[in-house]
Amino acid sequence: MSDTRRRVKVYTLNEDRQWDDRGTGHVSSTYVERLKGMSLLVRAESDGSLLLESKINANTAYQKQQDTLIVWSEAENYDLALSFQEKAGCDEIWEKICQVQGKDPSVEVTQDLIDESEEDRFEEMPETSHLIDLPTCELDKLEEIADLVTSVLSSPIRREKLALALENEGYIKKLLQLFQTCENLDNSEGLHHLYEIIRGILFLNKATLFEVMFSDECIMDVVGCLEYDPAIAQPKSHREFLTKTAKFKEVIPITDSELRQKIHQTYRVQYIQDIILPTPSVFEENFLSTLTSFIFFNKVEIVSMLQEDEKFLSEVFAQLTDEATDDDKRRELVNFFKEFCAFSQTLQPQSRDAFFKTLANLGILPALEIVMGMDDLQVRCAATDIFSYLVEFSPSMVRDFVMQEAQQSDDDILLINVVIEQMICDADPELGGAVQLMGLLRTLIDPENMLATANKTEKSEFLNFFYNHSMHVLTAPLLANTSEDKVEKDAVIGSDSSTICPDNFQTAQLLALILELLTFCVEHHTYHIKNYIMNKDLLRRVLILMNSKHTFLALCALRFMRRIIGLKDEFYNRYIIKGNLFEPVINALLDNGTRYNLLNSAIIELFEFIRVEDIKSLTVHIVDNFYKSLETIEYVQTFKGLQTKYEQEKDRQNQKLNSNRFRRDARALEDDEDMWFNEDEDEEGEAVVSPVEKSKSEDEFPESYEKFMETKKAKESEDKENLPKRTTGGGFKFTFSHSGSTANGANNSHNKSVAAQTPPAGSNGSASKNANLNATSTTPKGSLVGLVDYPDDDDDEEEDTSPRKRPRLGS
């Protein structure tokens, strides 16, 4: 075939990772019987001989590059490339390859990528394999060598050729011999040239050159060359630091000489990269990628060799947990493990998996439990870092350990409680360690990373454990700093004790961290945290912090309440209403005055959310109790909007009353009662707390707002008695106490209304039903108020504000 579209050059990659030109010819795709499949054939342009015969395998990764290049690998060390004269021919053959592999021709790679480090090799194909001629390695040639090394850095192909020349002729060792000569002669000009040369060779980014430069024989001379930067008046003292200052500590003697040499080499190369070499510019950022890889693979080897030496690791663990080990030795052991875990991050996922399982089997978590409780700050910090590696690797592994531990130990010495106590007791004024530990705790209690199997649900098991054994430890500082005793102790004579709260900056920061974690719990642990908040009356305690002089802490308290309201849960809403918990928020808004700041915006956003989401129970509570204080705030329409919602709902309820007044008879009453009971029973399955706490539909306002206020005032004296109490079923209920006289008095007028509508005795059993109704109405506890609205009992309609489930009539 003679058309130029299919004219190609064939390249193969040699052992030296250089591309050899195998000739020019024309390519075709055809079925080859011998190979049993579609194949690429290239016949020489000169004599028609076969330059290439390659079957298109279904699993081979072909790459299309630069519109005229197709590259693939036939074996582990046999890479091929076809360079087309025209794009059309490349597209034609590419379509054939994609057709065989069932791929869309628009892709540039048909399978998983080959080694991406080779990608740059194809950007410019070598037309010749001639090497660069290096000047002789002599003192008077150093300037010429430096210019040559510097000049090739901009060309990938010339870098490859120079690297090959340096490797083949043993040139680097000769240069380092010249360095010793220049240093002995105090030849500063020659030393400056050698700095440029060695730095340029490092930027060639060739692993084969690094093997020579970083060998025990050469590395200190390489470091010496890099001390003589022409831009610095006095040379640095890097060799002195590496040989005299930096000390290699063997916490347990390392008998493997290869391992010891690898550790030394890695430390020194890391020093060269981090300390000696200047930060690469934007144009040089890829020049040292192979140096990074060199360090990376060294670390992989070190971890693998240490991991395989079970005797070594067992001895380390034994000394770490031995009470007889002195503090200095234990500090070195913990720092060793910290570096060991840091190196493990270089491992592939499967190898890292095996690494951490090895540590877990050897007892890393019990060991951490011991060292995290020690007085030595450095030991605790290193232990925290190790713990963070374990949590990041497998939160489930840590959770399993602490739950098993709880069966054998007291709460005080549980690992997770030790972590919480370390967070609480962080001596750092900025609480850097506490912030780190708080993040780890959040990972451990995050349901998103908890597993669910056929036999168990980690979420329910661990959260039950956490709230039973650890939540009291986490909230202890919050409860201690918002207790009545604390308020009275801190109160200033003549001041309002309600405005007192912890104003120490470090304490405020700690409470903010705890609140952040509790806010996370509100969002992710709906059942457990709800029970805890109601049982401890936690929101009331948190809102004391609205008075803090530290605005960030007040905002944290507000954010906690905002997250609760954001759930739009009527159990939470009733708890807030009953506790009058909007009062501290509104006081903070009014105290803030006309200042337009974050606190002002956050509070208004909370009320705007209630308005936009039309949370009716909260709307009526806010308008009834606080509107007079809020109506003067006119720079936003939020509060007027709440008033409008309130009036609209009131009008709707009145219309509903009027429409229902004249249509109901006794039979309709029975039907409506049955419907009401059935609806109530249907809702029971959804209750998280006791069904006695179930209220009317959230769509219903109390029909008599004046009576609502009277009832609320009458109940204020009973708040303590009415706090949520745990039932035998593990839920919570609000107990409402009403005197017998109040209950009877409230129902007398209603009973008369019902009696007035009672038909004569004996008519379809209605008399007995109404007798039961009257009997129930006069019961002081759990009284049943009117199920029908009558014109003469509007004022009594609101008496039963408690969401008490009514007993079935006639039962």
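Residues numbered from 1 in each chain as written. Predicted model: local features only at pLDDT ≥ 70, side-chain atom pairs only at ≥ 80, totals over all residues. Heavy atoms only, no water.

Q: Explain the overall build of the chain to me, please; I cannot follow it from the model alone.
A: For the chain, the count of helices and strands is 34 helices and nine strands. Buried residues in the chain amount to 46% of all 811 residues. Sequence-distant contacts, at least 24 apart, represent 65% of the contacts inside the chain between residues at least 6 apart. Roughly 40,600 Å² of accessible area belongs to the chain as shown, and the carbon and sulfur atoms make up 47% of that amount. (Helix = DSSP H or I, 4+ residues; strand = E, 2+ residues; numbered from the N terminus. Buried < 20%, exposed > 50% of the residue type's maximum accessible area, 1.4 Å probe, protein only. Contact = heavy atoms within 4.5 Å. Areas by Shrake-Rupley, 256 points an atom, 1.4 Å probe, with all protein chains shown as cover.)

Q: Explain the side chain of S54 to me, please; I cannot follow it from the model alone.
A: Position of S54 relative to the elements: it lies in strand β4 (residues 50–55). On the basis of relative accessibility, which here comes to 1%, the residue S54 falls in the buried class. Residues within four places of S54 in sequence aside, it is in contact with S39, L40, W72 and E74.

Q: Where do I start with helix α13 (residues 349–362) in this structure?
A: For an α-helix, the turn length of 3.6 residues means that residues three or four places apart are oriented alike. An ideal rise of 1.5 Å per residue puts 20 Å on 14 residues; α13 measures up with 20 Å between its terminal C-alpha atoms. Residues of α13 that are buried include every one of F355, F356 and L359, and no others. Viewed end-on, α13 has its buried residues packed into an arc of 90 degrees, placing them on one side of the element. Those residues of α13 that are exposed and angled more than 90 degrees off the buried face are Q350 and N361. Those residues of α13 that are buried are in contact with α10 (289–308), α11 (310–321), α12 (327–344), α14 (364–372) and α15 (377–393). One or two positions beyond α13, positive phi appears at G363, with a value near 100 degrees. (Expected span 1.5 Å × (residues − 1). Arc of directions from axis to C-beta.)

Q: Even after reading the chapter, I still don't get the packing of aromatic side chains, so can you show me in this structure?
A: Aromatic ring pairs are described here by two measures, namely the spacing of the ring centres and the angle between the planes. Under the criterion given, the structure shown has 22 aromatic pairs. For the ring pair F336 and F337, a centre distance of 5.6 Å and an interplane angle of 65 degrees mean the geometry is edge-to-face. According to the relative accessible area criterion, F336 is buried, its value standing at 17%. Seen in terms of ring centroids, F582 and F607 are 5.7 Å apart; in terms of plane orientation they differ by 35 degrees. Their pairing is tilted. Of this pair, F582 sits in the loop between α26 (570–578) and α27 (583–592) while F607 sits in helix α28 (residues 598–613), and the two are 25 residues apart along the sequence. Accessibility expressed as a relative area gives 0% for F607, which makes it buried. Three or more aromatic residues link up through ring pairs in this structure, and these residues are F312, F317, F336, F337, F340, F355, F356 and F393. A cation over a ring is seen here: K530 above Y572, with NZ or CZ 5.7 Å from the ring centre. R562 extends its terminal NZ or CZ atom over the ring of F609, reaching a point 4.0 Å from the ring centre. (Phe/Tyr/Trp six-rings, centres within 6.5 Å; stacked < 30°, edge-to-face > 60°. Lys NZ or Arg CZ within 6 Å of the ring centre and 35° of its normal.)

Q: How should the pairing of strand β2 (residues 19–32) be read in this particular structure?
A: On any regular strand, side chains alternate: one points to one face of the sheet, the next to the other face. Strand direction decides the pairing type here: strand β1 (residues 7–13) and β2, joined by seven bridges, are antiparallel. Following the sheet pairing, T12 is matched in β2 by D20. Where β2 and strand β3 (residues 37–44) come together, eight bridges link them in antiparallel fashion. Looking at β3, one finds that T30 is bridged to S39. Here β2 folds back onto β3, and the loop between the two strands holds four residues, one of which, K36, carries a positive phi near 60 degrees. (Pairing = 2+ DSSP bridges.)

Q: What is the right way to read the nonpolar core from this model?
A: In a soluble, globular protein the nonpolar side chains are often hidden away together inside. Among the nonpolar cores identified, the biggest contains 132 residues, and F387, F582 and F607 are the most heavily contacted of them. Broken down by element, this core gets its largest block of residues, twelve residues, from helix α22 (residues 505–524). (Core = buried A, V, L, I, M, F, W, Y, C linked by side-chain atoms within 4.5 Å.)

Q: Any chance you could explain the side chain of H238 here in plain terms?
A: Within the element layout of this structure, H238 appears in helix α8 (residues 238–245). With residues up to four places along the chain from it excluded, the contact list for H238 reads V223, E227, Y271, I275 and I276.

Q: Before we go on, may I ask you to explain unusual backbone geometry in this structure?
A: With the exception of glycine, the majority of residues adopt a negative phi angle, and the majority of peptide bonds are in the trans configuration. Positive phi, close to 65 degrees, is recorded for N205, a residue that is not glycine. Relative to the assigned elements, N205 resides in the loop between α5 (188–202) and α6 (207–213). Phi is positive for N580, which is not a glycine, with a value near 50 degrees. Relative to the helices and strands, N580 resides in the loop between α26 and α27.

Q: Before we go on, may I ask you to explain the packing of α15 against helix α16 (residues 395–406) in this structure?
A: Each pair of packed helices can be summarised by the angle the axes make with each other and by the distance between the axes. Across the interface, α15 lies against α16 with an axial gap of 5 Å and an inter-helix angle of 110 degrees. The angle between the axes of α15 and α16 places the two elements in the roughly perpendicular class. Taken together, the residues of α16 that come into contact with α15 (itself represented by F387, L390, V391 and F393) are P395, M397 and V398. Broken down by class, the residue content of the contact of α15 with α16 amounts to seven nonpolar, no polar and no charged. (Axes fitted to C-alpha atoms, helices over the stretch in contact; angles between N-to-C directions. Parallel < 35°, antiparallel > 145°, perpendicular 65-115°, else oblique. Nonpolar A, V, L, I, M, F, W, Y, C, P; charged D, E, K, R; others polar.)

Q: Sorry, what's going on with the environment of T290 here?
A: For T290, the position within the fold is in helix α10. For the pair T290 and L202, spaced 88 residues apart in sequence, the C-alpha to C-alpha distance is 9.4 Å. If near-sequence neighbours (up to four positions away) are discounted, T290 is found in contact with N205, K206, A207 and F210.

Q: Just to check I follow, could you spell out a negative patch on the surface for this structure?
A: Among the surface-exposed residues, D256, E258, E308, D309 and E310 lie close enough to one another that they form a single negatively charged patch. Looking at where E258 falls in the secondary structure, it is placed in helix α9 (residues 257–276). Classification of E258 as partly exposed rests on a relative accessible area of 45%. (Patch = residues over 30% accessible without salt bridge, like charges linked within 9 Å, V, L, I, M, F, W, Y side chains within 5 Å. Salt bridge = Lys/Arg side-chain N within 4 Å of Asp/Glu carboxyl O. Lys, Arg positive; Asp, Glu negative; His and termini not counted. Charge placed at Lys NZ, Arg CZ, Asp CG, Glu CD.)

Q: Can you walk me through the confidence of the model for the chain in this structure?
A: Low pLDDT marks regions whose predicted coordinates should not be analysed in detail. Per-residue confidence for the chain gives a mean pLDDT of 77, with 73% of residues at or over 70. In the model, residues 113–129 has pLDDT below 50 throughout and makes 25 contacts with residues more than four positions away in sequence or in other chains. (pLDDT = per-residue confidence, 0-100.)

Q: Sorry, what's going on with the environment of D256 here?
A: Mapped onto the fold, D256 is located in the loop between α8 and α9. On the accessibility criterion, D256 (33% relative accessible area) is partly exposed. Sequence separation between D256 and D309 is 53 residues; the distance between their C-alpha atoms is 9.8 Å.

Q: Help me understand the pairing of β4, please; the structure alone is not making it clear to me.
A: Judged from the five bridges that link them, β3 and β4 form a sheet pairing that is antiparallel. Bridge pairing in β4 links L40 to S54. Counting the residues in the hairpin turn of β3 and β4 gives five residues, including G48, whose phi is positive at 75 degrees.

Q: What am I meant to see in the packing of α14 against α16 here?
A: Contact geometry of α14 with α16 gives a least axis separation of 11 Å together with a crossing angle of 70 degrees. In terms of orientation, α14 lies roughly perpendicular with respect to α16. The segment α14 lies against α16, with L365, P366 and E369 engaging M397, V398, F401 and E405. Split into classes, the residues belonging to the contact of α14 with α16 amount to five nonpolar, no polar and two charged.

Q: Please clarify how the pattern of salt bridges should be interpreted in this entry.
A: Charged atoms that come close allow side chains of opposite charge to pair. Counted by the stated rule, this structure contains 26 salt bridges. Taking the shortest distance from any N to any O, the salt bridge between R260 and E250 comes out at 4.0 Å. Linking R260 in helix α9 with E250 in the loop between α8 and α9, this pair joins segments that are ten residues apart in sequence. Under the relative-accessibility criterion, R260 is labelled partly exposed at 25%. K530 is paired through a salt bridge with D569; the nearest N and O atoms lie 2.5 Å apart. With K530 in helix α23 (residues 526–536) and D569 in the loop between α25 (551–566) and α26, this pair connects stretches of sequence that are 39 residues apart. For K530, a relative accessible area of 3% puts it in the buried group.

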